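Coordinate inspection notes
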Amino acid sequence: MTTLLRRQLLFAVLVFAPLAFADGPVAVQADVVFASTTAGKVDPSLVKMQETLGAKVKYLTLEKRSSQKLSLDAKGATVALPNGKSASLTLEGLKDGVATLRVKLPPTDATYSLAKEKSFYLQGGPHEGGDLWLVLSQPK
Amino acid sequence: MKNPAREKFLPMLSPYVDGELTPEERQLVEQHLQNSKESAAQVADFRAGDGLMRNALDMQADDVDWKKFTEDVMGRVTPEKLPLLERLKLTFSEMFLYQRGPMVAGLVGAAAAVAIAIPLTMSLVGQAPEGYGAGRVEVQTVSVDTEATVKPVVYETESGDAVIWVVDAPEKKDGGRKKGGGSDEEDVAPTPPTEEPKKQDL
């Protein structure tokens, strides 16, 4: 086996092996949404959220206050809310292609498993006469 | 009065000036020139004439635009460009002729990389991103701080999303709890997708 061939095989292994076998960080879209029952505008991207929460509360105003794509691992990441609270997100585990996240948004502490194209909504407390929501979903 | 030697060397004077004689002839002419002032003067005339002629030609050459001449010459010298296919054939034949080892090794390496990359890519296409293998979001545990006067309400929707509300619970004294366990079961509107969340939770 020539040196060149060996180098090329090593390169291929180094490039593709991590993709195939590593439990890399999990990408999560973290949006902070302000919701209010007073009449207002609903962000077009939040219509699904309005329908989902509509079973309990008819929000008439939904505004995205922040949006970020996080890369979560065991070290975690934080998301600041405009009401002074801070959400802590960590990757608890990754088994059979399903990641489990732990979300601490005082006073709530929850763990949940991610699902393809599904969202997790966590109420983040009152703010400016409405509610803040932390919405975690699969990045687009 | 005729000089027989001069008559003999006279036809050689012009070739001598032009450098066309053999070394032996040249040596004989130079010996003759040392003995014949007439021949030496004639050689000097030839050289002066040559100088004048050269200057005149140089001046004429300066006046001529040689660009087209150069292009014509280079156009004839430069070989015609081969068609692409022919050039590729030539390139590959030369590579395989002179660099066969590295070429074969390179092809084998590339084939190995493709063999790894194609199945990997095929497996990734249409598959959920890393961590999103489930079909529904499932809340596994949920709790609140022990001193909090609120309680969480979990609502898992038909479409597979999950919602956690935090509602007032003045009577709450025992802090957090796990979803699906303990006596707070009614706080969780668990999984049956068709089940509406319980209004008293709010």
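Moving on, we come to the packing of helix H1 (residues 4–18) of chain B against helix H3 (residues 37–63) of chain B. Residues and elements named next belong to chain B. Contact geometry for H1 and H3: axes closest at 10 Å, N-to-C directions at 25°. By the criterion of interaxial angle, the relationship of H1 to H3 is roughly parallel. Crossing geometry of H1 relative to H3 is assigned as right-handed. Along the contact surface, H1 presents Arg6, Leu10, Leu13, Ser14, Tyr16, Val17 and Asp18, while H3 presents Glu38, Ser39, Gln42, Val43, Phe46, Arg47 and Asp50. Of the residues that constitute the contact of H1 with H3, the class distribution is six nonpolar, three polar and five charged.

A separate point is the confidence of the model for chain B. Atomic detail in the predicted coordinates should be set aside for any region of low pLDDT. Residues and elements named next belong to chain B. Across chain B, the average pLDDT comes to 79, with 79% of residues at 70 or higher. Predicted confidence is poor over residues 173–202, with pLDDT under 50, and the contacts of this stretch with residues over four places away or in other chains come to 54 contacts. Predicted complex, confidence summary: ipTM 0.83, pTM 0.53.

This part covers the pairing of strand E8 (residues 130–137) of chain A. Residue and element names in this part refer to chain A. Among the eight residues in E8, eight count as buried, and that is most of the element. Where strand E1 (residues 26–36) meets E8, seven bridges bridge the pair, whose relative direction is antiparallel. The residue of E8 that forms the bridge with valine 32 is leucine 134. Between strand E7 (residues 119–127) and E8, which pair antiparallel and follow one another directly, the connecting turn spans two residues, one of which, glutamate 128, has a positive phi of 50°.

Turning our eyes to something else, we now look at the pattern of salt bridges. In the structure shown here, the tally under the stated rule is eight salt bridges over all chains. With a closest N to O distance of 3.8 Å, A:Asp31 and A:Lys64 form a salt bridge. One end of the pair, A:Asp31, is in strand E1; the other, A:Lys64, is in strand E2 (residues 61–72), and 33 residues separate them in sequence. The closest approach of N and O atoms between B:Arg26 and B:Glu30, which form a salt bridge, is 3.7 Å. Pair noted here: B:Arg26 and B:Glu30 are both in helix H2 (residues 23–35), with a separation of four residues, about one helical turn. Here B:Arg26 falls in the partly exposed class, since its relative accessible area comes to 30%. A cluster of three or more residues bridged by salt bridges with shared partners is formed by A:Glu63, A:Arg65 and A:Glu128.

Of all nine residues making up E7(A), eight are buried, and the element is well covered by its neighbours. In this sheet, strand E3 (residues 162–168) of chain B lies alongside E7(A) in parallel orientation, the contact comprising three bridges. Along E3(B), the bridge assignment pairs A:Tyr121 with B:Val163.

What follows concerns unusual backbone geometry. Residues and elements named next belong to chain A. Between proline 106 and the following residue, proline 107, the backbone shows a cis peptide bond with an omega angle of 5°. Here proline 107 is to be found in the loop between strand E5 (98–105) and strand E6 (108–115). Although it is not a glycine, aspartate 96 sits at a positive phi angle of roughly 55°. Looking at the element boundaries, aspartate 96 is found in the loop between strand E4 (86–95) and E5. According to the relative accessible area criterion, aspartate 96 is exposed, its value standing at 73%. The residue glutamate 128 is not glycine, and still its phi comes out positive at about 50°.

Residues and elements named next belong to chain A. Structurally, serine 36 can be placed in strand E1. When its relative accessible area of 4% is taken as the criterion, serine 36 is described as buried. A distance of 2.7 Å separates the side chain of serine 36 from the side chain of threonine 38, its partner in a polar contact. Sequence-distant contacts of serine 36, that is, excluding residues within four places in its chain, are made with Tyr59, Leu60, Thr61, Gly129 and Gly130.

Once that is clear, we can look at the packing of H2(B) against H3(B). Residues and elements named next belong to chain B. Close contact between H2 and H3 brings their axes to 5 Å; oriented N to C, the two are set at 115°. Judged by the inter-axis angle, H2 sits roughly perpendicular to H3. Seen from above, H2 lies across H3 with left-handed handedness. Residue-level inspection shows His32, Leu33 and Asn35 of H2 in contact with H3, the latter providing Lys37, Ser39, Ala40 and Val43. Classifying every residue of the contact of H2 with H3 gives three nonpolar, three polar and one charged.

The rules behind the values
Residues numbered from 1 in each chain as written. Chains lettered and ligands numbered in written order. Predicted model: local features only at pLDDT ≥ 70, side-chain atom pairs only at ≥ 80, totals over all residues. Heavy atoms only, no water. Axes fitted to C-alpha atoms, helices over the stretch in contact; angles between N-to-C directions. Helix = DSSP H or I, 4+ residues; strand = E, 2+ residues; numbered from the N terminus. Parallel < 35°, antiparallel > 145°, perpendicular 65-115°, else oblique. Left-handed = near helix turned anticlockwise from the far one by under 90°. Contact = heavy atoms within 4.5 Å. Nonpolar A, V, L, I, M, F, W, Y, C, P; charged D, E, K, R; others polar. pLDDT = per-residue confidence, 0-100. Buried < 20%, exposed > 50% of the residue type's maximum accessible area, 1.4 Å probe, protein only. Pairing = 2+ DSSP bridges. Salt bridge = Lys/Arg side-chain N within 4 Å of Asp/Glu carboxyl O. Polar contact = N/O pair within 3.5 Å; in protein donor to acceptor, adjacent residues only side chain to side chain.

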